[in-house]
Amino acid sequence: MKRFLSATLALSAALAASPALAAVTGGSAAPATSTAKPSPVLSAANPAANSFSLTRDVKRTVLSNGLTVLTKEVRGAPVVTVQVFYKIGSRNEAPGVNGIAHQLEHLMFKGTTDRPVQFGRLLGALGADFNAFTYYDQTAYHETVEREKAGAALQLEADRMVNAKIDPAALTSERNVVLSEIEGDENDPGYRLERAVQAAAFPGSPYGLTVGGTRQDIEGFTAQEVSAYYKKYYSPEYATLIVVGDFHTADMMKQIQAAFGKLGKPGTLPVTTSAALVPGGSEATLGKSPPKAPIVLKEAGATPLLNAVYPLPDVSSPDAPALKVLDYVLLSGRTSKLYQSMFESGLAADGGTLPYQFARGGWYSFNFTPTPDTDLPKLDAALLATLADVRTNLVSAEEIARAKTSISTSTLLDTRSIEAQATSLGMDATTAGDYQYTDKFLAALQTVTPEDVRRVAQKYLPDSARTVGYFEPTKAVEGSGNAASAGGATQEAFNAGPPVDPAEVAKYLPASQPSGQAKITLPDKFTLPNGMTVMLLKDTSTPTVSLSANVKAGREFDTDTKAGLVDLVAANLLSGTQTRDELTLAKLLDDVGAQLAPAANRFGVQIGGASRDKDLPVLLTALSDILQNATFPADQFKRAQARAVQGAVQANDDPGSVAIKVFRKTLYPAGNPWQVFSSPDTIGALTRQDALDFYKTHYRPDATVLTLVGNFDPAQVKTLLNQTFGGWTASGPTPQVVYPVIGKPAGIVKASGDLPGKTQAVTYLGYQSIARSDPRYYASLVLNDVLGGSTLSSRLGTELRDKEGLTYGVGSSFAALKQPGAFTISLQTNPKDTDRAVQGAINILKDVRDNGLSATEVATSKNGLLSSYTVGLSNPAALAATFTSLVSDGLPLSELTDYQAKINAVTPAAVNQAAKELLDPDNVVEVTAGPGSGK
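All figures in this text were calculated on a predicted structure; none of them were measured in a lab.

Cut-off values and rules
- Residues numbered from 1 in each chain as written.
- Predicted model: local features only at pLDDT ≥ 70, side-chain atom pairs only at ≥ 80, totals over all residues.
- Heavy atoms only, no water.
- Salt bridge = Lys/Arg side-chain N within 4 Å of Asp/Glu carboxyl O.
- Helix = DSSP H or I, 4+ residues; strand = E, 2+ residues; numbered from the N terminus.
- Buried < 20%, exposed > 50% of the residue type's maximum accessible area, 1.4 Å probe, protein only.
- Phe/Tyr/Trp six-rings, centres within 6.5 Å; stacked < 30°, edge-to-face > 60°.
- Pairing = 2+ DSSP bridges.
- Axes fitted to C-alpha atoms, helices over the stretch in contact; angles between N-to-C directions.
- Contact = heavy atoms within 4.5 Å.

1. With respect to the pattern of salt bridges
Opposite charge on two side chains makes pairing possible when the charged atoms of those side chains draw close. Within the structure shown, the criterion is met by 49 salt bridges. Linking Asp591 and Arg402 is a salt bridge whose minimum nitrogen-to-oxygen distance equals 2.9 Å. Of this pair, Asp591 sits in the loop between helix 19 (582-590) and strand 18 (595-600) while Arg402 sits in helix 13 (residues 397-414), placing them 189 residues apart in sequence. Arg402 gets classed as buried once you look at its relative accessible area, which sits at 9%. Residues joined by salt bridges that share partners form a network here, namely Glu73, Arg75, Arg147, Glu148 and Asp246.

This is the structure in structure tokens:
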């Protein structure tokens, strides 16, 4: 879902970059190389007509067993991403087996007959950045590793393609985890509303089902059923393997053949579309009669919601490019039609649109949250009026051109990383049946006319075609948190059991070559005469520039009486300046598809940006303008304030938001910057003058750090920076914040937040801990990695999630920042399991504190941290943000080049001493937010 104001895509930027969704995103014979079958609709399009090509350097090979392989060499960072897409997803399901694809996805991490070890531990030991997802047309597994470990990743994926161990015990524990995940989804009223609307819009169709499944179906699965499903569909002919990164194709194909060539049967052809699990039931999504009246859900919640769905054709429709242009005309930048009619009008606080197009059909989804004084019928009427306008009137050539530029540029920017490139290829190959779909789509996009946009609006968006739902929150008993009380834990005893020996894990790791020392090229760092810090790093791997800026104007400057001011100022930076009003500023960026997004955090306002290399002057002009000349026009400020109030109301209905809020207010005394949180009342009391005063005081060049990574001439950029920022000055001392020193809690201090109507609870355990400058910092990284750094491979994850199935998400962290932050453990649980999970976490803490970690655990963690370090810096946007963060926190850039040496220097003795000093399970704040938590 393309959320315009606050939310992000569910999977990754790669799904957004794949127009296939318009979303998002045995034999031993020699492999046969072939070209992709052209997409039947877009085959006439010429990919060469578009300056950007995702597939120009992709090689497609089909092994003799039917496995489709896509390889793409990308230089720049010494990493490789390995992804396996299976052409089987929730579209192939039916009532009774809804969720079986998702259930199997979880079981694929439980180990194989040859490797009876949690695969999260194996991938973690490789230092991989890994995960998996289930979607309508596919299930995918992906990991990014150092290039020397790509062969090991291939062997692990080949192993679990045919040897996954699916037994009743594994199913039982992982079933609980899947149910916990569903319960987390059901906490969100938006999920419940969309589920009801989808079911009504597409009765009898798999697209009317949820991807994750239903509790009734998941509880009914047997190991035999899941195993039969696995054996039928997890095989080479149903799979597409994508490998992108720093390798030589001939060598990589030898490794792929060795790992996968022996699987399956020679002569097997790749499937085009996987069969439905249950025969019968139409997948057609057009021509049904939708309900005439809105579907109304009256349930516990915080804010009203609107969801409208219009059926669309499948991904191969010739109308797909025009529908994408229509979507950008309707809602993209601030110049778009729905932004003007819904947000600029003050009717909507949040919202998004997306035309989904899949293998067998699709739909156009509209989701909006009204501002506090707007009722749903009024919001709905504004939506209908805007859609009627595009059905009746031609959109301008300027709007069409802007949409085409935005779509093409965002596709390029969203695939800067090798992970995103591989995922886009996988989505195209499995949904569209053509890995070249994106290139052909972008070429066809250029032929879209205003008449095409009006035609598809008339065809697919008539009022009579839609199914609409309203969520009307009931008056639930609100609970913002009970008073803290001290006392000992009373939960039942829970034995954490012995940890998994990393030496045992190491026995099952495929062999790999030693990794080389990661070479981090540091940027050219300099200071402008006005005190602004700038870093430049030339990177020619893509024709783009990634921008990261930070202004020391974060939430630490919020006060109890003006909480929310920092976020409101950041949200209004693009609302107009002394030189450009809001629309002029928006057109400046939108006309070239450049991205600029400010967002506040604790210690600063981070501004992320990106553009094509040739449009860097536009990006810097816009950034300079909003940092020096923002005016916070009264009308825009008032509308942004209303949206922020509604956002605060929604946050008070979210267990995670409530839990962290109550946790900090319990741990820190009044007046401490860590415990200041905004509320609807504090946001509503803010004034435009408050924003102007804060901006004038805190937005200053000597409090700003700017990093650019991309394809540019550094000398020319320095000249441009002096032109755009040279006149920016500051007076007086830079504002500072005092953080009082606090002690640890005395005993177990409990507090809670009661949220009626929720199905899942969120718990935080913790206490104040160390700062980034603490000499134990690097030992704490290793300690935390073993303790709870990963949901799948840590001690907490292994015991509470993998063995016991008590939680979907569990992890720990030291918030070792510029200021001392808290050590926390977070848990997502069914309320009935919360006590057991909390006691289990406490027992694990005690065990690690008292008995320490083994030398093998420490060595394994260090290897994983070193490997993941290389992987984590392979994305140019992430690299730019890392540079900015280090300097903003007052740390030298040498921290990057010294990281590996400092991790290597950590000893088991140092880690175990840190465990004794930093882990304190006897003095903990424990906060749970969820249903009945205040009882």
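2. Description of the packing of aromatic side chains
The final tally for this structure, using the stated rule, is 39 aromatic pairs. When the ring of Phe557 is compared with that of Phe694, the centres are 6.4 Å apart and the planes differ by 70°; the resulting orientation is edge-to-face. Remark: Phe694 occurs in helix 24 (residues 688-698) and Phe557 occurs in the loop between strand 17 (544-551) and helix 18 (565-571); sequence separation between them is 137 residues. Just as Phe557 is buried, Phe694 falls in that class too. Summarising the aromatic geometry, the rings of Phe632 and Tyr695 are spaced 5.2 Å apart at their centres and angled 75° between planes, so their arrangement reads as edge-to-face. With Phe632 in the loop between helix 20 (616-629) and helix 21 (634-651) and Tyr695 in helix 24, the pair connects residues that are 63 residues apart, well separated along the chain. Ring pairs connect the aromatic residues Tyr135, Tyr136, Phe202, Tyr207, Tyr356, Phe358 and Trp363, which therefore count as one cluster.

3. Comments concerning the sheet that holds strand 17
The strands that make up a sheet are held in pairs by hydrogen bonds between backbone atoms, and each pair lies either parallel or antiparallel. As summarised here, the arrangement of the six strands in space is 15-16-20-17-19-18, forming an open sheet in which the pairing is mixed. Every other strand in the sheet has two partners, leaving strand 15 (524-527) and strand 18 as the edge strands with one partner each. Looking at each pair of strands side by side, their axes are set apart by 15° on average, direction ignored. By the bridge criterion, four bridges tie strand 15 to strand 16 (residues 533-538) in an arrangement that is antiparallel. Following the sheet pairing, Lys525 is matched in strand 16 by Met535. Sheet contacts for helix 13: strand 17, strand 18 and strand 19 (605-612); angle to strand 19, the most-contacted strand, approximately 115°.

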